[in-house]
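# Understanding the architecture of this molecule
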Amino acid sequence: MHAPIVSIAALPQHVGQAVTLRGWLYNKTGKGKLAFLQVRDGTGICQCVVFRPNVGDEIFAIADKLPQESSLIVTGAVRADARAPGVPGGYELDVQSLEVVQRAEDYPIGPKEHGVEFLMDHRHLWIRSSRQWAVLRVRATVMRAIRAWLDGHGFIEVSTPILTPSAAEGTTNLFEVAYFDEKAYLAQTGQLYNEANIFAFGRVYCFGPTFRAEKSKTRRHLTEFWMVEPEIAFCDLEQLLEIEEQFVSYVVQTCLRENANELKLLGRDVGRLQRVAPPFPRITYDDAVRTLQEMHVRMKAGETVTAYDGTPLQGIEDPDLLRIEWGTDFGSPHETALTQLYDKPVFVTGFPSAVKAFYMEPYPDRPEVCKSADLLAPEGYGEIIGGSERISDGALLERRIREHGLPMEPYKWYVELRKYGSVPHSGFGLGVERTVAWICGIEHVREASPFPRLLNRLYP
Ligand code: 4AD
Ligand code: MG
């Protein structure tokens, strides 16, 4: 029999025909003369029904005893049956023949509960599990949507270096590497190079891995993460925010359209995501601090503080975590609380210059505040984008580098950009893993990365 080799995702086009599937045994149940093999092939899961009289005793015995994650090739007729229990895609295969490619032994991940550390130690296998599979498929869509939107809006992708001579986002979380007789640092951002590239190309982006020696063990921090960084010439902060809200909305809507199955498998409440459309609310840092201070007082007084929809605020175990003075940066609890006041992602603008990077343009009438904006994702997810208008004046930029205690030498080229046709310009960076965690509704960014790098994890 010459059945075509097809993927599980393509089964709807082959109903009533004989096809061959190649994949791995995900799960198995059975009863009497029937064995139900859940086979996955990377594109989906299909229930393959092995009926003893159809395949003969020998093949039936093999199928009936096949261990989880064995690789196999099955041929049979495709049947649409949405009512059949345990049929994820609504299609079944009536098996006519079956060949085992390799018989797996003692696969360590079973249906029973495993601890996170155990699963992380087995990340090379865990990615086969359906939830992890779903998250990483959404990640791929996010990355594709990022490129599609930017490529469709006049941006060109210009790669920036990973080995760099200097810091851009603070000196406390730099990874240092030996570079022959010199020191180099793994890039914390491609932004400074993007700022050179806009003078050649107008609108650019870089997209790649980014490194931060984060000593913090939070659900939002990785030491290696992927960031897309668009940068735009002749663009002020207000124009930047309009680009960001269009861009983020497109990425979310693309996932809803292309990953409906994955989001369903993850149990994601997509109603919240469907409302992600421009415009996003904007609040100033000043107002955000005032709001947080009020929340703190009310919570201390035993009042119930409510989210945008009137339900009690979640995830703030201790009201004192919301304590904040003007001039300090937000911590995770502040973002967790603020985002629950809005139905959509919210921009916080005008942070104190002292807590932000050296390159941010100060407001002329209020230089202690800068033209910066963070975008906080709803439902407690917090910052997914950091962005700003950049300093365009060379003298001011030099002063800020000095005030930040940074050496001038490595930034000579960066300052020089301000000498030859300087223009107002702005840009932002969006973290892929945080965005994926939000869209998937998962607790921790580590599951949004295929092989996460964390404070205590460099394996596998
Ligand atoms: O706010 P950040 O540090 O901004 C920059 O690096 C700018 N140079 C970007 C730019 O304007 N071109 O980082 C931007 C985003 C954050 O909002 C967050 O989504 C993500 O990068 N991010 C992290 N994600 C995971 N783990 C970490 N340790 C992260 N640090 C930042
Ligand atoms: Mg930031």
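Residues numbered from 1 in each chain as written. Chains lettered and ligands numbered in written order. Predicted model: local features only at pLDDT ≥ 70, side-chain atom pairs only at ≥ 80, totals over all residues. Heavy atoms only, no water.

### Re empty space enclosed by the protein
Scanning the model with the defined rule gives 3 cavities of 30 Å³ or more in all. In this structure, the largest cavity spans a volume of roughly 100 Å³. Only β9 (182-186) and α6 (191-201) provide two or more residues apiece to the lining of the largest cavity. Looking at the lining of the largest cavity residue by residue, the class counts come to 9 nonpolar, 4 polar and no charged. (1 Å grid on protein atoms, 1.4 Å probe; cavity = no way out; pocket = protein on both sides within 12 Å on 5 of 7 lines; lining within 4 Å. Points joined across faces, edges and corners; volume = space filled by probe spheres on them. Helix = DSSP H or I, 4+ residues; strand = E, 2+ residues; numbered from the N terminus. Nonpolar A, V, L, I, M, F, W, Y, C, P; charged D, E, K, R; others polar.)

### Focus: the site of ligand 1
Taken together, 22 residues are adjacent to ligand 1, and E169, Q191, R212, E229 and E383 come closest. Take Q191: an N or O atom from its side chain is 2.8 Å from a nitrogen atom of ligand 1. Protein chains shield 94% of the accessible area of ligand 1, which is 630 Å² for the free molecule. Of all the elements in the fold, those that place two or more residues in the shell around ligand 1 are β11 (224-233), β17 (382-389) and β18 (425-431). The class makeup of the residues in the shell around ligand 1 is 7 nonpolar, 7 polar and 8 charged. (Near = heavy atom within 4 Å. Polar contact = N/O pair within 3.5 Å; in protein donor to acceptor, adjacent residues only side chain to side chain. Areas by Shrake-Rupley, 256 points an atom, 1.4 Å probe, with all protein chains shown as cover.)

### A word on the domain arrangement of the chain
Accessible area lost upon the coming together of the parts is a frequently used measure of interface size. Under the domain assignment, the chain is made up of domain 1 (8-102) and domain 2 (124-281 + 342-448). Using C-alpha coordinates to define each centre, domain 1 is positioned 44 Å away from domain 2. The interface of domain 1 with domain 2 comprises 6 residues on the first partner and 5 residues on the second. Counting each side, the surface lost to burial between domain 1 and domain 2 is near 440 Å², with a carbon and sulfur contribution of 43%. Taken together, the links from domain 1 to domain 2 amount to 1 salt bridge. Residue R128 is joined to E69 by a salt bridge in which the shortest nitrogen-to-oxygen separation is 3.0 Å. (Domains from an automatic or database assignment. Contact = heavy atoms within 4.5 Å. Buried area = accessible area lost by both parts, 1.4 Å probe. Salt bridge = Lys/Arg side-chain N within 4 Å of Asp/Glu carboxyl O.)

### Concerning unusual backbone geometry
With an omega of -5°, the peptide bond running from P278 to P279 counts as cis. Looking at where P279 falls in the secondary structure, it is placed in the loop between α9 (270-274) and β12 (282-284). The peptide bond linking Y459 to P460 adopts the cis configuration, its omega dihedral lying at -5°. Tracing the backbone shows P460 in the segment after α14 (432-440). Of note, the phi angle at F234 is positive, near 55°, even though the residue is not glycine. Summarising the element assignment, F234 is placed in the loop between β11 and α7 (237-258). Even without being glycine, E379 reaches a positive phi, approximately 60°.

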